[in-house]
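Here is what each chain is made of, one letter per residue.
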Amino acid sequence: MPVPELIRIGFVRRPVGLGGEVLLETLTDSAERFRPGLSVHAGGAWRTVERASAEAQGVRVKLSGIDSVAAADGLRGGYLEVGPESAPPLPAGSFYHWQIVGLAAVNPDGRRLGEVVDVLEYPANDVYVVRAGGRERLVPAVTAVVKDVDLAAGRMVLDLPEEVESEV
C-alpha cells in the first residue's frame, strides 16, 4: 500500500463553547498528539492547533482560523489529519496498518500465499485479511504465525499449518 497523503488523528464530534473550539474523538494513542503548534488538515485547509486539553469525552481543540460556533460546526463530522511524516515512530515489530496492507504474503520457503488486503482490529490481536485469487483468509497477527515483516521487500512471511496454507 502506498504511503497515504494524510493520516487521520481525530474525528470532530461537535463545537464546544463560543470561541470556535471543537471536541475531538482521538484516533491516536495519545491525546498529547494535539500539541499547540501542530499543523493539521481540517475543513479543506491546513490549520495550526492553538490549544488543546483532554476532557472526559475526548480532546477540546482550538484551531487557527476557526473563531466562531458556526465555523466550528462546519468541521463537525470531519477529520483532523496530518502528513505521514508526522506519524510518530513505532516500537520495533509494530507497524501502521497502511504499512501492512499491500504486502505480499509468503510462506517460509518464499512461495506466494496472496496479498494482505486489510487489517481488522480485535481486542486480543489484529487479524490480517490475505487474498489469493477470489478467496480471503483471516490470519492472526501473532508471532507464532507472522515470522517476519519486511517493508523494504514488500513482504510478510507467514508460517501457516499446511492445510490452511493450501486454502490460501
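The shown structure was predicted, so the numbers you read here are calculated from the model rather than taken from an experiment. (Residues numbered from 1 in each chain as written. Predicted model: local features only at pLDDT ≥ 70, side-chain atom pairs only at ≥ 80, totals over all residues. Heavy atoms only, no water.)

(A) Representation of the sheet that holds strand 7 (residues 104-106) in the model. Spatially, the six strands line up as an open sheet ordered 10-9-8-7-12-11, and their pairing is mixed. Looking at which strands have only one partner, the edges of the open sheet turn out to be strand 10 (135-140) and strand 11 (146-150). Averaged over all pairs of adjacent strands, the angle between strand axes in this sheet comes to 30 degrees, irrespective of strand direction. Bridge analysis of strand 11 against strand 12 (residues 155-158) gives four bridges, and the strand direction is antiparallel. (Pairing = 2+ DSSP bridges. Helix = DSSP H or I, 4+ residues; strand = E, 2+ residues; numbered from the N terminus. Axes fitted to C-alpha atoms, helices over the stretch in contact; angles between N-to-C directions.)

(B) Inspection of the packing of aromatic side chains at higher detail. Counted under the stated rule, the structure contains two aromatic pairs. Between the aromatic rings of tyrosine 96 and tryptophan 98, the centroid separation amounts to 5.6 Å while the plane-to-plane angle is 10 degrees, which identifies the pairing as stacked. What makes tyrosine 96 partly exposed here is its relative accessible area of 21%. Residue tryptophan 98 is classed as buried on the basis of its relative accessible area of 18%. (Phe/Tyr/Trp six-rings, centres within 6.5 Å; stacked < 30°, edge-to-face > 60°. Buried < 20%, exposed > 50% of the residue type's maximum accessible area, 1.4 Å probe, protein only.)

(C) Here's a closer look at the pattern of salt bridges. Under the criterion given, the structure shown has nine salt bridges. One salt bridge in this structure joins arginine 60 and glutamate 21, with 2.7 Å as the shortest N-O distance. Of this pair, arginine 60 sits in strand 5 (residues 58-63) while glutamate 21 sits in strand 2 (residues 21-26), and the two are 39 residues apart along the sequence. According to the relative accessible area criterion, glutamate 21 is buried, its value standing at 11%. Its salt-bridge partner being aspartate 73, residue arginine 76 comes within 2.7 Å of it at the nearest N-O pair. Relative accessible area serves as the criterion here: at 47%, arginine 76 is assigned to the partly exposed category. Among the residues examined, aspartate 73 registers a relative accessible area of 35% and is labelled partly exposed. Look at the salt bridges and you will find they share partners, linking Glu21, Arg51, Glu55 and Arg60 into a network. (Salt bridge = Lys/Arg side-chain N within 4 Å of Asp/Glu carboxyl O.)

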